[in-house]
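Each chain, written out:
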There are 4 protein chains.
Amino acid sequence: MIIVFKKGVTEIEQFLMYFKNLSLDIFQTELDNQIIIKLVGNTFMVDDNFLASFKDIEKVIRLDKTYDLVKYKGEYLNIKIKDISIGNDSKFCLIAGPCAIDSYDSLLETTTNMNRVDVIRGGAFKPRKSPYSFQGLGLEGIKILNQVGKKTNHLVISEIINESDLKYFEENVDIIQVGARNMDNYQLLKVLGKSSKPILLKRGLSASIEEWLLAAEYIVKNGNKNVILCERGIRTFETSTRNTLDLSAVSLIKKLSNLPIVVDPSHATGRYDLVEQMTLAAIAAGADGIVLEVSQDVEGLKSDGSQTISCKRYNNLLTKIKKVCEAVERDF
Amino acid sequence: MIIVFKKGVTEIEQFLMYFKNLSLDIFQTELDNQIIIKLVGNTFMVDDNFLASFKDIEKVIRLDKTYDLVKYKGEYLNIKIKDISIGNDSKFCLIAGPCAIDSYDSLLETTTNMNRVDVIRGGAFKPRKSPYSFQGLGLEGIKILNQVGKKTNHLVISEIINESDLKYFEENVDIIQVGARNMDNYQLLKVLGKSSKPILLKRGLSASIEEWLLAAEYIVKNGNKNVILCERGIRTFETSTRNTLDLSAVSLIKKLSNLPIVVDPSHATGRYDLVEQMTLAAIAAGADGIVLEVSQDVEGLKSDGSQTISCKRYNNLLTKIKKVCEAVERDF
Amino acid sequence: MIIVFKKGVTEIEQFLMYFKNLSLDIFQTELDNQIIIKLVGNTFMVDDNFLASFKDIEKVIRLDKTYDLVKYKGEYLNIKIKDISIGNDSKFCLIAGPCAIDSYDSLLETTTNMNRVDVIRGGAFKPRKSPYSFQGLGLEGIKILNQVGKKTNHLVISEIINESDLKYFEENVDIIQVGARNMDNYQLLKVLGKSSKPILLKRGLSASIEEWLLAAEYIVKNGNKNVILCERGIRTFETSTRNTLDLSAVSLIKKLSNLPIVVDPSHATGRYDLVEQMTLAAIAAGADGIVLEVSQDVEGLKSDGSQTISCKRYNNLLTKIKKVCEAVERDF
Amino acid sequence: MIIVFKKGVTEIEQFLMYFKNLSLDIFQTELDNQIIIKLVGNTFMVDDNFLASFKDIEKVIRLDKTYDLVKYKGEYLNIKIKDISIGNDSKFCLIAGPCAIDSYDSLLETTTNMNRVDVIRGGAFKPRKSPYSFQGLGLEGIKILNQVGKKTNHLVISEIINESDLKYFEENVDIIQVGARNMDNYQLLKVLGKSSKPILLKRGLSASIEEWLLAAEYIVKNGNKNVILCERGIRTFETSTRNTLDLSAVSLIKKLSNLPIVVDPSHATGRYDLVEQMTLAAIAAGADGIVLEVSQDVEGLKSDGSQTISCKRYNNLLTKIKKVCEAVERDF
């Protein structure tokens with residue numbers, strides 16, 4: 001980290017003391033009447049904005065990262081949950097299921113109609129922008145998910161929105177999901193840092209990659225190192241897809257972080273007819289798994305689920321996933 | 001609300017039943033083999049996305065709003081808190097104070113050095129993107145804020161990030177703030193809907209105006225009608241200001257909603273040297289008040305507070321605020 | 001196209017006449033005192049915004065597209081240029097070369113060091129945001145490109161920025177490129193519509209998919225049906241990549257348009273270390289080809305070209321491209 | 001400007017020579033095995049991206065601006081055109097007229113119905129995203145504009161889209177407008193740099209403030225110092241207004257540049273009912289003038305012009321403009 005003081009500033013003792021307290025090594029020089037210092041060590045402890053707000057400082061230049069625990073240091077984290085492992089060196093992971101859980105029977109049917117699935121997903125608490133929209137079955141939904149998981153011998157995942165539900169989630173699901181809208185609910189992240197369950201952390205709608213990794217750092221710093229990142233599209237000016245799936249983020253995360261990363265093309269695009277190619281593209285981009293909305297229902301008269309694919313489509317997709325995995329030398 | 005069915009679809013009984021259950025009036029016709037229905041009544045109960053996902057439906061066209069309780073119906077809400085009133089027909093409201101509360105003495109000094117202020121603001125729980133940044137004094141900060149408010153006979157406001165702190169907030173502050181990062185924490189909004197304290201609801205970084213009003217609707221629907229909106233900039237591609245202050249949103253909100261709206265130029269721009277003109281522009285745009293970061297400290301050697309203005313600047317600004325208020329016939 | 005008139009409006013003769021003049025079929029009905037008409041035929045001739053600005057009209061709802069000539073109607077366009085064909089049913093197309101042309105020798109060296117390339121790219125007119133930056137060799141660069149193309153028997157492509165250069169371009173290059181910054185320079189598009197050379201049309205930095213297709217429609221409508229679209233990233237809030245590569249746009253374009261589409265991951269990401277995976281992801285997303293910055297130079301001491309890859313990396317990438325093409329059943 | 005070389009890099013002669021050729025003063029030091037140099041002088045000549053692409057360089061930190069000729073150096077430019085002066089120290093400038101010129105009579109009627117206007121605006125060449133939309137009257141429109149200007153003794157402005165029309169524009173209009181979609185058409189900017197007519201340069205839809213000022217720098221560097229900036233909204237995720245009017249950009253430009261800046265709330269918001277307050281807000285933000293779509297027509301049966309205000313509304317607005325100008329001590 002390099003700090004350039006304003007021209008003519010000579011008294012920098014206060015700053016040096018602050019950096020010493022953070023146990024940083026300090027190198028100092030002067031150029032054209034500007035003091036320049038370089039800080040080496042745990043610079044992620046330094047708050048750039050705080051420093052930049054001092055009137056004696058002209059520029060704060062970060063040479064290293066603002067996060068540490070989730071930083072890539074030569075080895076990737078592979079998270080083991082029962083028989084499954086998720087991460088860069090694990091098999092490509094398939095997380096699939098309906099948007100919202102509506103009944104035991106339909107969830108069971110969807111699950112048994114998928115030729116392969118590693119983790120069953122299903123929403124019980126749905127963060128909905130309108131208070132008049134269906135908000136999910138709640139704890140009853142979590143219970144159904146648990147039962148179907150046990151019955152079919154699958155891991156299960158669902159989204160938590162209230163820290164007071166944590167105990168119930170820990171007893172009933174294998175992975176706890178943090179939705180995009182809660183990615184910067186730091187209070188929730190801290191509480192989940194105390195949990196023993198792996199956390200799937202969706203990227204916020206307008207979160208930069210750095211902010212997303214710092215959100216993961218919150219969880220890890222509080223004690224839970226098992227975080228799975230999930231890219232699900234960012235908000236841009238383009239409206240022909242619901243959000244803009246940022247697949248370069250996937251490749252970039254692999255260079256920045258040791259954490260597993262999966263991709264959710266269903267929510268990102270909001271269009272079932274783009275899900276297939278975006279799944280294959282995600283594999284090519286280096287994703288460790290996929291999160292898909294799949295439902296038996298959508299084949300019926302009732303709905304063609306604007307972002308949900310049918311079990312039949314899903315099973316056809318599996319064949320293609322396998323081929324692309326082979327092409328990029330990814331275990332499937 | 002108009003719903004256009006796909007060409008050739010003839011069986012729409014299920015849909016009609018659904019709309020009847022919502023007590024909507026239904027008008028029906030057919031054009032070129034496409035059934036078209038118009039729904040009249042509480043269409044905000046209808047979930048557009050849910051409908052649009054049905055394969056028999058081609059288009060869902062909303063003629064009215066997705067929110068109801070916060071909709072402008074000819075009269076603006078003026079929220080009375082002790083001696084103060086906030087709203088379209090009230091005096092322009094001044095909410096000011098330091099970014100974070102650091103001590104009783106400095107908060108008192110800042111407060112007493114401001115020539116006029118209606119509500120003292122100060123952060124005790126700071127949602128910070130890095131877990132290594134200072135997170136505020138917590139409940140201790142709220143207590144200090146309460147004491148300074150009592151001592152100087154001012155209303156006080158601070159941000160809540162954890163629903164379990166609600167009781168303490170209700171005992172110690174006059175207005176509870178929901179930060180931009182919690183605007184779509186619907187769980188928190190529901191809980192605040194049960195509170196008797198007015199809520200200042202900041203706009204989320206990537207929240208559309210409709211989503212913001214629906215967030216307010218969550219609070220009002222749960223029982224608390226006293227919501228104050230706060231525009232604080234949205235996230236765009238432009239990086240020379242921290243966010244992009246959206247002043248057209250202020251004018252537009254006045255046409256859409258009965259709620260008071262205030263503007264926070266400090267957080268929006270992140271630059272103290274733009275705060276003054278953005279405050280005056282906010283008045284001209286129709287804002288009901290302003291939220292400013294003001295601190296005595298910034299005049300010292302320590303910092304010039306990249307987004308905080310000094311008490312001296314603040315007091316000079318008051319004179320200009322008064323003039324622009326007069327020009328646009330706003331009570332001050 | 002459906003047009004909903006305001007409640008109570010009864011005189012719509014003027015509008016009907018306007019639509020009749022456009023040779024549209026008109027269906028008319030009324031619901032709850034609102035006249036609703038449906039237009040069938042060449043509705044792309046209708047200007048939605050113009051209509052929506054009339055005070056008697058409440059809503060204009062488009063059921064079909066605003067473009068026609070570039071619309072997908074069951075068959076994809078495959079553009080033949082000498083021995084090469086570009087399009088959905090053609091071999092995956094490799095467009096590669098240095099960012100800017102600097103000399104005959106270095107361009108020749110780069111070209112001969114690539115194991116396979118279909119079209120050599122190289123900038124001679126560089127639209128640079130600063131007037132102080134190197135703006136390219138100009139016509140001299142185009143000449144070098146032509147010579148290297150002839151010498152090595154390759155097609156060549158370069159960007160035009162000035163319509164008065166068109167004749168020279170037509171004599172010297174095989175494909176004329178319109179850069180992102182000129183995508184909505186409609187004057188230039190119209191002129192290129194008169195050319196016999198295929199046009200590679202980059203997506204504008206903030207162009208919606210619809211606007212991009214309408215830009216292509218400008219060219220085709222003026223007489224030149226051979227347009228190749230090129231996705232090269234859009235401008236978003238994320239700054240860790242230069243732009244955000246929108247690969248869902250590629251899949252979506254395949255559903256909307258008959259035009260070939262290629263992807264430029266070099267400009268989109270601005271990082272050579274993401275280019276490889278984004279190339280593979282583009283293939284999986286359905287792209288018909290790739291545009292890559294490749295240069296012999298970057299292996300030297302001089303530069304590692306933040307977005308340019310070396311010929312060596314490029315050749316390694318070719319092997320992977322081949323594998324992913326096979327996996328998604330794309331000719332290579 | 002500060003350049004930090006990678007750790008261990010010792011041979012920097014090539015770079016030093018490059019900087020010497022640009023006549024920059026060079027200061028050099030070393031910190032923890034990293035060479036650091038500071039460049040003083042005309043650093044706007046340095047291409048940051050070019051430098052940053054060298055593998056021996058770790059960071060390029062700009063302490064000053066990338067533009068020079070349009071930089072604020074203590075004095076604002078006031079552009080005199082006949083009786084009018086536009087700039088920070090001039091009277092608030094009123095530029096108003098219809099979106100597109102349709103006839104001599106209607107333009108004359110609109111003009112004579114406005115109580116005060118300094119420059120008549122009207123489009124003759126309309127850059128339209130659809131090739132099927134009305135593209136304006138062309139040169140005939142320019143002629144009408146010129147005639148009405150002469151008849152009513154007003155300055156006139158219109159948008160140029162084709163450099164070959166320059167001579168005709170120079171003969172017929174007083175100010176030449178560059179539209180948002182041509183802001184980064186550098187070829188056009190260079191040509192306009194040779195003109196003797198003042199240029200009104202609209203901000204591009206996704207142009208950063210720096211890119212906008214660099215576009216102005218293109219014009220000035222080519223010989224025409226009379227550039228007027230025009231903020232007209234940027235493209236963001238928010239769709240309830242057409243674009244997002246960035247009024248903080250106005251205040252910021254006043255700190256960065258000596259150029260006059262005006263605001264176009266009509267195009268920015270796309271809603272006539274927001275135009276009034278956004279005009280007043282623009283004054284408070286420090287704008288030097290306003291560009292408004294005004295038309296006599298909109299009072300008739302034909303249209304309520306989604307973004308155009310009537311002459312009557314305009315005249316009422318004038319009274320308010322005057323008051324706000326007085327409040328912020330701006331001549332009117």
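Scroll up a little and you will see the structure.
Because the structure is predicted, anything quoted here is derived from the model rather than measured.

**Q** Would you mind showing me how to read the interface of chain A and chain B here?
**A** One widely used convention gives an interface's size as the accessible area the parts lose upon coming together. Contacts between the two partners involve 46 residues from chain A, matched on the other side by 46 residues from chain B. Of the roughly 4300 Å² buried where chain A meets chain B, counting both sides, 47% is carbon and sulfur surface. Of all residues in chain A, Lys55, Lys129 and Tyr132 of chain A give up the largest surface area on contact with chain B, accounting jointly for 18% of the area buried on that side. For the pair chain A and chain B, the interface holds 10 salt bridges. Across the pair Arg181 of chain B and Asp184 of chain A runs a salt bridge whose closest N-O atoms are separated by 3.2 Å.

**Q** Please clarify how the side chain of Thr241 of chain D should be interpreted in this entry.
**A** All names here are of chain D. Tracing the chain through its elements places Thr241 in the loop between β12 (227-231) and α8 (247-256). Assessed through its relative accessible area of 2%, Thr241 is described here as buried. Of the polar contacts made by the side chain of Thr241, one reaches the backbone oxygen of Asn243; its length is 3.0 Å.

**Q** Would you take a moment to explain the relation of the copies chain B and chain D for this structure?
**A** Two copies of one chain are present, and they are related through a rotation about an axis combined with an axial shift. Between chain B and chain D, which share one sequence, the superposing operator has a rotation angle of 180 degrees and an axial displacement of 0.0 Å; the RMSD is 0.0 Å. Here the two chains are linked by the operation of a two-fold rotation axis. If distances are taken from each C-alpha of chain B to the rotation axis, the shortest is found for Ala281 of chain B, at 2.0 Å. A shared interface surface links the copies, since 100% of the contact residues of chain B are contact residues in chain D too.

**Q** Even after reading the chapter, I still don't get the sheet that holds strand β10 (residues 175-178) of chain D, so can you show me in this structure?
**A** Sheets are built from strands paired through backbone hydrogen bonds, the pairs being either parallel or antiparallel. Residue and element names in this part refer to chain D. On the basis of which strands lie adjacent, the closed barrel formed by eight strands has the order β7-β8-β9-β10-β11-β12-β13-β14 and parallel pairing. Averaged over neighbouring strand pairs, the angle between their axes works out to 25 degrees when direction is ignored. Across four bridges, strand β11 (residues 199-202) lies against β12 in parallel orientation. Along β12, the bridge assignment pairs Ile199 with Val227. Sheet strands in contact with helix α4 (residues 139-152) are β8 (119-121) and β9 (155-159), and its direction is about 165 degrees off that of β9.

**Q** What exactly am I supposed to notice about the sheet that holds strand β1 (residues 2-5) of chain A here?
**A** All names here are of chain A. Across the sheet, which stays open at both edges, the four strands sit in the order β2-β3-β1-β4 with antiparallel pairing between neighbours. Both outer strands of the open sheet, β2 (25-31) and β4 (57-61), are each paired with one neighbouring strand and no more. Averaged over all neighbouring strand pairs, the angle between strand axes comes to 15 degrees, with direction disregarded. In this sheet, strand β3 (residues 34-40) lies alongside β2 in antiparallel orientation, the contact comprising seven bridges. Opposite Gln28, over in β3, you have Ile37 as the bridge partner. Lying on the sheet, helix α1 (residues 13-21) is in contact with β1, β2, β3 and β4; it crosses β2 at an angle near 155 degrees.

**Q** Got a minute to help me understand the packing of helix α8 (residues 247-256) of chain A against helix α10 (residues 272-285) of chain A in this structure?
**A** In helix packing, the relevant descriptors are the interaxial angle and the interaxial distance, both defined with respect to the helix axes. All names here are of chain A. Between α8 and α10, the shortest axis-to-axis distance is 9 Å and the interhelical angle comes to 25 degrees. Considered as vectors, α8 and α10 are oriented roughly parallel to each other. For the pair α8 and α10, the sense of crossing is right-handed. Residue-level contacts link Leu247, Val250 and Ser251 of α8 to Ala281, Ala282 and Ala285 of α10. For the contact of α8 with α10, the class distribution of residues is five nonpolar, one polar and no charged.

**Q** What am I meant to see in unusual backbone geometry here?
**A** Phi is mostly negative for residues that are not glycine, and the peptide bonds are mostly trans. Unusually for a residue other than glycine, Asp32 of chain B sits at a positive phi of about 50 degrees. Along the chain, the position of Asp32 of chain B falls in the loop between β2 (25-31) and β3 (34-40). A relative accessible area of 17% places Asp32 of chain B in the buried class. With a phi angle near 60 degrees, Glu329 of chain D is a residue other than glycine that sits in the positive phi range. Mapped onto the elements of the fold, Glu329 of chain D is located in the segment after α11 (311-327). Judged by its relative accessible area of 65%, Glu329 of chain D falls in the exposed class.

The rules behind these values
- Residues numbered from 1 in each chain as written.
- Chains lettered and ligands numbered in written order.
- Predicted model: local features only at pLDDT ≥ 70, side-chain atom pairs only at ≥ 80, totals over all residues.
- Heavy atoms only, no water.
- Contact = heavy atoms within 4.5 Å.
- Buried area = accessible area lost by both parts, 1.4 Å probe.
- Salt bridge = Lys/Arg side-chain N within 4 Å of Asp/Glu carboxyl O.
- Helix = DSSP H or I, 4+ residues; strand = E, 2+ residues; numbered from the N terminus.
- Buried < 20%, exposed > 50% of the residue type's maximum accessible area, 1.4 Å probe, protein only.
- Polar contact = N/O pair within 3.5 Å; in protein donor to acceptor, adjacent residues only side chain to side chain.
- Least-squares fit on C-alpha atoms with pLDDT ≥ 70 in both.
- Pairing = 2+ DSSP bridges.
- Axes fitted to C-alpha atoms, helices over the stretch in contact; angles between N-to-C directions.
- Parallel < 35°, antiparallel > 145°, perpendicular 65-115°, else oblique.
- Left-handed = near helix turned anticlockwise from the far one by under 90°.
- Nonpolar A, V, L, I, M, F, W, Y, C, P; charged D, E, K, R; others polar.

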